[in-house]
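# Descriptive analysis of the structure
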Amino acid sequence: MKKKITTSDLAIYGGTPAFAEPLHVGKPNMGQSKDFFARVNDIMERRWFSNNGRYVQEFERELCKFLGVKHCIPMCNATVALEIAIRALELKGEVIIPSFTFIATAHALQWQEVTPVFCDIDPVTHNLDPVCVEKLITPRTSGIIGVHVWGRPCAVETLSEIAKRRGLKLMFDAAHAFACSHNGKMIGNFGNAEVFSFHATKFFNTFEGGAVATNDDALAAKIRLMKNFGFQGLDNVIYIGTNGKMTEISAAMGLTSLESKNQFISVNRANYYTYQQHLENIPGVRLIDYNDNEENNYHYIVLQLNDKEAKISRDQLLAILSAENVLARRYFFPGCHRMEPYRSYFPHAGLLLPETESLTTSVLSLPNGDTVSKETIKSICELIRFSINNSDEIRAFRLN
Ligand code: T4K
């Protein structure tokens, strides 16, 4: 990064961007490519590419071992995995979910004509607020899907108690939470089922991929059939099914990624603390916390901005950083309830979602992973510090 000295050096005013190349949030983590290519060569030689091949089976065994769960069924992506789990659990009518999530959580329900009912979140954990959940239960409610946002576990026990007492199914969208734990138990073991994403942008990837984890044998058997068109045996279809299968190449990537997961975590963790250190004492800026007594993947570096204290809005900061080639992301702006078709179906949903509305305008995800050096982090933090310390001048210059 070149030295930024004055406001007029900022790229929003025509200065050269601080970074020559874009710094992306979500740049994939990669294990050892030689181990991956060895597996790929084997796949090519044996000409077995899909349909529960050797690598997918091995991947499933390794996942189960790591998570301490009975079943962790690999799939082509988490969205299809969610759809299959929702169908296998026979969710119908209404299902309560947070609006503060990636749109896939809502779409997986709506795609099957189940209505997502958007619930507000706890401003501290960013996860479903159980008090709001309880208020939204109606005779049409069949389940709750909590999302472990940023890999930080939902209020698992309270949600389980509510689900049990009200006769509801409980699922978790654990797309962010691979390699995270709750009360010493790995995520993947809670509710009726949990769904991981192994998308390229996730902590742990199989290019595209996902999995449904469950300790329920009957549910797992049903999910296995549903992800393979409903086939039981060669010529016998017993359920409506779809194609949710993971390819052998993806499983090869998964096995390779698994071998490096501790390395991914230690890099992410070190980066997280470097950000913490360099963002200290900037007015209105804090990073989300992780509970160091649990397993975390530290994949998400989430800055929360108090615009009154910082005297600059989240979107102004985003514009400044983007111009410098720091491509931070506003996950999950504007919230599912403000996206179609939900904003047309429920135009007033925001009135019941004050914490969601506030959070979607105050958080910013920053780059992480092994392509982000300590020096880069320091420079990103300096840009943030400079922007906030000089917010009056910057605003007067151009931003509104
Ligand atoms: N539930 C939750 C809570 C989720 O967050 C997600 C996915 C799902 C369910 C569904 O999981 P999957 O069906 O995808 O397995 C990205 C991802 O595509 C999506 O998987 C993820 N959540 C979401 C949070 O982020 P976009 O629309 O932001 O993607 P895009 O193309 O803007 O890329 C994100 C960033 O990553 C960019 O800065 C570029 C960078 N990138 C991306 C790819 C694919 C790379 O550097 N390399 C790459 O290969 O959705």
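The structure reproduced in this document is the subject of the present report. A quick note: this is a predicted structure, and the numbers were derived from the prediction, not measured.

## Brief notes about the overall build of the chain
- If you tally the helices and strands in the chain, you get 15 helices and 14 strands.
- In terms of principal-axis extent, the alpha carbons of the chain reach across some 70 × 55 × 40 Å.
- Counting contacts in the chain only where the partners sit at least 6 residues apart, residues at least 24 apart contribute 69% of the total.
- Within the structure as shown, the chain displays about 17500 Å² of accessible surface, and the carbon and sulfur contribution to it stands at 53%.
- Charge separation in the chain, taken as the distance between the mean sites of 42 positive and 43 negative side-chain charges, equals 1 Å.

## Let's talk about the site of the ligand
- By nearness alone, 24 residues border the ligand, and Thr79, Asp173, Lys202, Arg329 and Tyr331 come closest of all.
- Between the ligand and the protein, one listed contact pairs an oxygen atom with a side-chain N or O atom of Thr79 at 2.6 Å.
- Note that an oxygen atom of the ligand is positioned 2.6 Å from one of the side-chain N or O atoms of Tyr331.
- Put simply, the parts of the chain that give the shell around the ligand at least two residues each are helix 3 (78-88) and helix 4 (103-110).
- Looking at side-chain class alone, the shell around the ligand contains nine nonpolar, 11 polar and four charged residues.

## Notes on helix 8 (residues 248-259)
- With 12 residues, helix 8 ought to run about 16 Å at 1.5 Å a step, and its terminal C-alpha atoms sit 17 Å apart, in line with that.
- Here helix 8 lies mainly inside the structure; 10 of its 12 residues are buried.
- For helix 8, the set of buried residues is Glu248, Ser250, Ala251, Ala252, Met253, Gly254, Leu255, Thr256, Ser257 and Leu258.
- Contacts made by the buried residues of helix 8 are with helix 1 (33-46), helix 2 (54-67) and helix 9 (261-278).

## Regarding the packing of helix 3 against helix 7 (residues 217-226)
- Close contact between helix 3 and helix 7 brings their axes to 10 Å; oriented N to C, the two are set at 125°. Accordingly, the angle class assigned to the pair helix 3 and helix 7 is oblique. Considering the relative orientation of helix 3 and helix 7, their crossing is right-handed. Only Leu219, Lys222, Ile223 and Met226 of helix 7 make contact with helix 3, whose side of the interface consists of Ile84, Ala85, Arg87 and Ala88.

## A short note on the pairing of strand 4 (residues 115-119)
- Of all five residues that make up strand 4, four are buried, and the element is covered over most of its length.
- Both strand 3 (residues 94-98) and strand 4 contribute to a ladder of five bridges, which runs parallel. Paired with Glu94 across the two strands is Thr115, which belongs to strand 4.
- After leaving strand 3, the chain enters helix 4 and then returns to the sheet as strand 4, a path that is right-handed.

## Structural notes on the sheet that holds strand 14 (residues 363-366)
- On the basis of which strands lie adjacent, the open sheet formed by three strands has the order 11-12-14 and antiparallel pairing. Of all strands in the sheet, those with a lone pairing partner are strand 11 (285-287) and strand 14, marking the two edges. Here the average twist between neighbouring strands, direction ignored, is 30°.
- In this sheet, strand 14 lies alongside strand 12 (residues 301-305) in antiparallel orientation, the contact comprising four bridges. Residue pairing across strands places Val302 opposite Ser365, the latter belonging to strand 14.
- Sheet strands in contact with helix 9 are strand 11, strand 12 and strand 14, and its direction is about 160° off that of strand 11.

## Some points on the sheet that holds strand 3
- Spatially, the seven strands line up as an open sheet ordered 2-10-9-6-5-3-4, and their pairing is mixed. The outermost strands of the open sheet, each flanked by one partner alone, are strand 2 (71-75) and strand 4. Along the sheet, successive strands turn relative to each other by an average axial angle of 25°, direction set aside.
- Against the sheet, helix 3 makes contact with strand 2, strand 5 (141-147), strand 6 (169-173), strand 9 (193-197) and strand 10 (210-214), and its axis sits at roughly 165° relative to strand 9, the strand it touches most.
- Seen against the sheet, helix 7 touches strand 2, strand 9 and strand 10 and runs at an angle of roughly 15° to strand 2.

Cut-off values and rules
Residues numbered from 1 in each chain as written. Predicted model: local features only at pLDDT ≥ 70, side-chain atom pairs only at ≥ 80, totals over all residues. Heavy atoms only, no water. Helix = DSSP H or I, 4+ residues; strand = E, 2+ residues; numbered from the N terminus. Contact = heavy atoms within 4.5 Å. Areas by Shrake-Rupley, 256 points an atom, 1.4 Å probe, with all protein chains shown as cover. Lys, Arg positive; Asp, Glu negative; His and termini not counted. Charge placed at Lys NZ, Arg CZ, Asp CG, Glu CD. Near = heavy atom within 4 Å. Polar contact = N/O pair within 3.5 Å; in protein donor to acceptor, adjacent residues only side chain to side chain. Nonpolar A, V, L, I, M, F, W, Y, C, P; charged D, E, K, R; others polar. Expected span 1.5 Å × (residues − 1). Buried < 20%, exposed > 50% of the residue type's maximum accessible area, 1.4 Å probe, protein only. Axes fitted to C-alpha atoms, helices over the stretch in contact; angles between N-to-C directions. Parallel < 35°, antiparallel > 145°, perpendicular 65-115°, else oblique. Left-handed = near helix turned anticlockwise from the far one by under 90°. Pairing = 2+ DSSP bridges. Right-handed = clockwise from strand over helix to strand, strands pointing away.

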